[in-house]
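Single-letter residue listing:
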Amino acid sequence: MKLVTFRSSIEAPARLGALEDDLVIDIGFLGEATGEVFPETMLELIDLGPAALSRIAQVLDVTRNKWPLGAALPVEDISLCAPIPRPRKNIFGIGLNYLEHVEETKKPLDGPKDLPEKPVIFSKPPTAVIGPGQAIEHNAAITQQLDWEVELAVIIGRTARKVSEADAMRHVFGYSVMIDVSARDNRRAGQWIYSKGMDTYAPFGPCIITPDEIADPQNLNLWLTVNGVEKQNSNTKHMLFKIPTLISDISQGITLEPGDIIATGTPEGVGAGRTPQEWLWPGDVVEAHVEGIGTIRHPVVKIG
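The rules behind each value
Residues numbered from 1 in each chain as written. Predicted model: local features only at pLDDT ≥ 70, side-chain atom pairs only at ≥ 80, totals over all residues. Heavy atoms only, no water. Helix = DSSP H or I, 4+ residues; strand = E, 2+ residues; numbered from the N terminus. Contact = heavy atoms within 4.5 Å. Phe/Tyr/Trp six-rings, centres within 6.5 Å; stacked < 30°, edge-to-face > 60°. Lys NZ or Arg CZ within 6 Å of the ring centre and 35° of its normal. Salt bridge = Lys/Arg side-chain N within 4 Å of Asp/Glu carboxyl O. Buried < 20%, exposed > 50% of the residue type's maximum accessible area, 1.4 Å probe, protein only. Lys, Arg positive; Asp, Glu negative; His and termini not counted. Polar contact = N/O pair within 3.5 Å; in protein donor to acceptor, adjacent residues only side chain to side chain. Patch = residues over 30% accessible without salt bridge, like charges linked within 9 Å, V, L, I, M, F, W, Y side chains within 5 Å. Areas by Shrake-Rupley, 256 points an atom, 1.4 Å probe, with all protein chains shown as cover. pLDDT = per-residue confidence, 0-100.

Along the polypeptide, V102 turns up in helix α4 (residues 99–105). In the structure, V102 is positioned 138 residues away from L240 in sequence and 9.9 Å away in space, judged by C-alpha atoms. Setting aside residues no more than four positions away along its own chain, V102 makes contact with L96, P112, L115, P116 and L240.

Right, here's the structure in full:
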């Protein structure tokens, strides 16, 4: 199931939907029309657990192609939001998680000489999140080195505390696409949160896809373009630390809770690793894609 958060108009509240081809099914409305009580937001659904998701899937199957009047909305008539417009906690970012990316960061970003022995973890605050089509802000007074990173995002579905790698995938609610936007010239004494956590630096979407729709999350192509020119193209099989390892490692010391997000790292091809280096500027358009999930597209705009 592809789950989205959407607005039917600028003034309308954000609601939970299911993406069915070129239609968005309003889950709350579908529930009302079929005598069910369904959640109206993504976080509510995640909190309710697998039983609620299963019941929604059953009702979708029964009503497919004969949707109750008003439940099915054409995609072109709605606006997609970030699947979780306001995460409850900081996003867990993973740095240096693809071999070639480690290599390309050694000189320009003072990256490590050797491969990390454990996952490198940083965070991005909830205020960094933007939805599909929203603008990435470029403030020239703060940065002249705005960079891109396409990533597979993992959304946690149930509390994970000190879980084993063998048990880790049971805690996954779904997957999405995220761009880890980074102001490379704002790393401070080795700390990354300011350079990676500014407003609009976490484009997120277009949906959350449930694990039953992804045969192997460690074999997904992912790519990123700037102004239609390919900059990154790789596969999640090249992660140094796979998803079960990331979940298990974080949960040893930090409890992962329903709705938490892990951005699993980026492959090679970032602007800082190129010769000459390349950066994002106002007027640019960034597109990022993960196989089986979808594409997000964002303009870069000048502020300040």
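The next thing to look at is unusual backbone geometry. For the bond from G205 to P206, the omega torsion is -5°, close enough to zero to count as cis. On the secondary structure map, P206 appears in strand β14 (residues 202–209). The linkage connecting T275 with the following residue, P276, adopts the cis geometry, with an omega of -5°. Position of P276 relative to the elements: it lies in the loop between β17 (261–263) and β18 (285–290).

Per the stated rule, a full pass over the model turns up one aromatic pair. If you follow R188 out to its NZ or CZ, it ends over the ring of Y194, 4.0 Å from the centre.

It is worth spelling out the pattern of salt bridges at this point. Applying the stated criterion to the full structure yields 15 salt bridges. A salt bridge links E40 to R15; the shortest N-O distance between them is 3.5 Å. Residue E40 is found in the loop between α1 (27–34) and α2 (42–48), and its partner R15 is found in strand β2 (residues 15–20); the two are separated by 25 residues along the sequence. Classification of E40 as partly exposed rests on a relative accessible area of 33%. Across the pair R64 and D61 runs a salt bridge whose closest N-O atoms are separated by 2.7 Å.

What follows covers the environment of A168. Note on placement: A168 falls in helix α5 (residues 165–168). Judged by its relative accessible area of 0%, A168 is buried. Distance in space between the C-alpha atoms of A168 and I247 is 6.0 Å, their sequence separation being 79 residues. If we skip the residues at most four places from it in the chain, A168 touches V163, P244, I247 and S248.

So, on to the side chain of E151. Looking at the element boundaries, E151 is found in strand β11 (residues 150–156). For the buried residue E151, which engages in no salt bridge, the nearest side chain bearing the opposite charge is K196, 5.6 Å off. At 2.8 Å, the side chain of E151 and the backbone nitrogen of G265 are in polar contact. With residues near it in sequence (within four places) discarded, E151 still touches S176, V177, M178, D180, L222, A263, T264, G265, T266 and V290.

This brings us to a nonpolar patch on the surface. On the surface, I142, I193 and Y194 cluster together into a nonpolar patch covering about 240 Å² of accessible area. When you line up the elements, Y194 lands in helix α6 (residues 193–196). Judged by relative accessible area, which is 35%, Y194 ranks as partly exposed.

Once that is clear, we can look at the confidence of the model for the protein. Chain-level statistics for the protein give a pLDDT mean of 96 and a share of 98% at 70 or above. Mean pLDDT across the elements of the protein bottoms out in α4 (84) and peaks in β17 (99).

A separate point is the side chain of N235. Relative to the helices and strands, N235 resides in strand β16 (residues 229–235). Overall, the relative accessible area of 5% leaves N235 in the buried class. Side-chain polar atoms of N235 contact the side chain of N221, separated by 2.9 Å. Looking at N235, its side chain comes within polar contact range of the main-chain nitrogen of K237, at 2.8 Å.

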